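Structure assessment
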Amino acid sequence: MQFHHANQKHPLQGAGGAELQAFLDAKVTQYNQPGFITNDPVSIPHMFSKKQDIEIMGFWAATLAWGQRVTIIKKCRELIDLMDGAPYDFIMNHEDVDLKKLLNFKHRTFNSTDLLYFIEFLHFHYTKNESLETAFTKWMKPGDENIEAGLNGFYNYFFSLPDVPLRTRKHIASPEKKSSCKRLNMFLRWMVRKDNKGVDFGIWKKISPAQLICPLDVHVARVARGFNLLERKQTDWQAALELTEYLKTLDNKDPAKYDFALFGLGVMEKY
């Protein structure tokens, strides 16, 4: 099927449920495959095999994921080089003098002050935990419908160390602050979804794919509204919940897989 640009009406706009689902399922298949990885920030954690390196660089790639994807990938590779190609080892074993080479790092509004605090938090967390997963799951209860409590808990935990730079708070979103939490939801999708297609890692087991919230940015929201999957005008946490509720009617065990379809249509196909 040919794609249609933003000023064109898509032939499936307003289509019936079965027809629309078949179209979106086909788009998931089209984009949820290894060829998608190279030009996407998810390529960064795919450079590693150690679980902690995957988590750390997945978290950073998601945090820095604004602007052109080429630039995001370039800045993440620069960060990896600054940590001697071994992020977990650097975070756990660096000396103060090793941090000096990080002082010129910058991507958009993320600077070395933010970077040093992220390193401090990750060192603090991994000193007591084997995985970054517990930074989210320890705030959740069995039976939670979604990861909202995990995201709110993570925000408060991340900024619980003494002397948090005020400026760094803007780099971590939370539902409490009404954010759609696009970057964190993308990171969680990478860590939690497991379908053997080669893109998402599925290395976290305490969060279910059914609890994930679809990452929502302006592109995904535009496509979702175009297909009448989303009514809310604001692109915020409530909109992310509303979209995910609709996607659960298509697949209640794995609603976030439709991120591949909506992102592909919005960014790759400029729908």
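Calculation rules
- Residues numbered from 1 in each chain as written.
- Predicted model: local features only at pLDDT ≥ 70, side-chain atom pairs only at ≥ 80, totals over all residues.
- Heavy atoms only, no water.
- Helix = DSSP H or I, 4+ residues; strand = E, 2+ residues; numbered from the N terminus.
- Rg over C-alpha atoms; globule rule 2.2 N^0.38 Å.
- Buried < 20%, exposed > 50% of the residue type's maximum accessible area, 1.4 Å probe, protein only.
- Contact = heavy atoms within 4.5 Å.
- Areas by Shrake-Rupley, 256 points an atom, 1.4 Å probe, with all protein chains shown as cover.
- Lys, Arg positive; Asp, Glu negative; His and termini not counted.
- Charge placed at Lys NZ, Arg CZ, Asp CG, Glu CD.
- Axes fitted to C-alpha atoms, helices over the stretch in contact; angles between N-to-C directions.
- Parallel < 35°, antiparallel > 145°, perpendicular 65-115°, else oblique.
- Nonpolar A, V, L, I, M, F, W, Y, C, P; charged D, E, K, R; others polar.
- Salt bridge = Lys/Arg side-chain N within 4 Å of Asp/Glu carboxyl O.
- Phe/Tyr/Trp six-rings, centres within 6.5 Å; stacked < 30°, edge-to-face > 60°.
- Lys NZ or Arg CZ within 6 Å of the ring centre and 35° of its normal.
- Disulfide = S-S within 2.5 Å.

1. Topic: the overall build of the protein chain
A tally of helices and strands in the protein chain yields 11 helices and 0 strands. Going from the N terminus to the C terminus, the protein chain shows its helices and strands as α-α-α-α-α-α-α-α-α-α-α. In terms of C-alpha radius of gyration, the protein chain reaches 19 Å, essentially the compact-globule figure of 18 Å for 271 residues. With the C-alpha coordinates of the protein chain rotated into their principal frame, the extents come out at 60 × 40 × 35 Å. Taken over 271 residues, the protein chain has a buried fraction of 56%. Looking at the protein chain alone, contacts between residues at least 24 apart form 66% of all its contacts between residues at least 6 apart. For the protein chain, the exposed area adds up to about 12,400 Å²; of that, 51% sits on carbon and sulfur atoms. The positive charge centre, built from 36 side chains, and the negative charge centre, built from 32, are 4 Å apart in the protein chain.

2. Digging into the packing of helix α5 (residues 112-128) against helix α7 (residues 148-158)
Between α5 and α7, the least distance of the axes is 11 Å, while the angle of their chain directions is 105°. Classified by the interaxial angle, the pair formed by α5 and α7 is roughly perpendicular. Contact with α5, carried on its side by Y117, F118, F121, F124 and H125, involves F154, Y157 and F158 of α7 and no other residues of that element. Here the residues of the contact of α5 with α7 sort into 7 nonpolar, 1 polar and no charged.

3. Focus: the pattern of salt bridges
Tallying each qualifying case throughout the model produces 16 salt bridges. Note that E130 is salt-bridged to K51, the shortest N-O span being 3.8 Å. With E130 in the loop between α5 and α6 (134-137) and K51 in helix α2 (residues 51-63), this residue pair connects regions lying 79 residues apart in the sequence. Of the residues examined, E130 reaches a relative accessible area of 51% and is grouped as exposed. On the basis of relative accessible area, K51 is assigned to the partly exposed category, the value being 25%. Among the ionic contacts, a cluster of salt bridges with common partners joins R189, R193, D195, D200, D254 and D259.

4. Examining the packing of aromatic side chains
Aromatic ring pairs are reported here in terms of the distance separating the ring centres and the angle at which the planes meet. This model, assessed by the stated rule, comprises 26 aromatic pairs. Residues F36 and F263 carry aromatic rings whose centres are separated by 6.1 Å and whose planes lie at 85° to one another, so their mutual orientation is edge-to-face. Remark: F263 occurs in helix α11 (residues 258-268) and F36 occurs in the loop between α1 (17-31) and α2; sequence separation between them is 227 residues. The lysine or arginine in question, K138, covers the ring of Y157, its NZ or CZ lying 4.1 Å from the ring centre.

5. Side note on unusual backbone geometry
Despite not being glycine, K178 has its phi angle at roughly 70°, a positive value. Take K178: it is sitting in the loop between α7 and α8 (182-192). On the accessibility criterion, K178 (60% relative accessible area) is exposed. A positive phi angle, near 60°, is found at C181, a position not held by glycine. Mapped onto the elements, C181 comes out in the loop between α7 and α8.

6. Describing the state of the cysteines
Cysteine pairs can be covalently joined through their sulfur atoms, and such a bond is termed a disulfide. Scanning the model with the defined rule gives 0 disulfides in all. There is no disulfide at C76, and the cysteine sulfur nearest it, in C181, is 19 Å away. The class for C76 is buried, based on a relative accessible area of 0%. No disulfide involves C214; its sulfur sits 13 Å from the nearest other cysteine sulfur, which is in C181.

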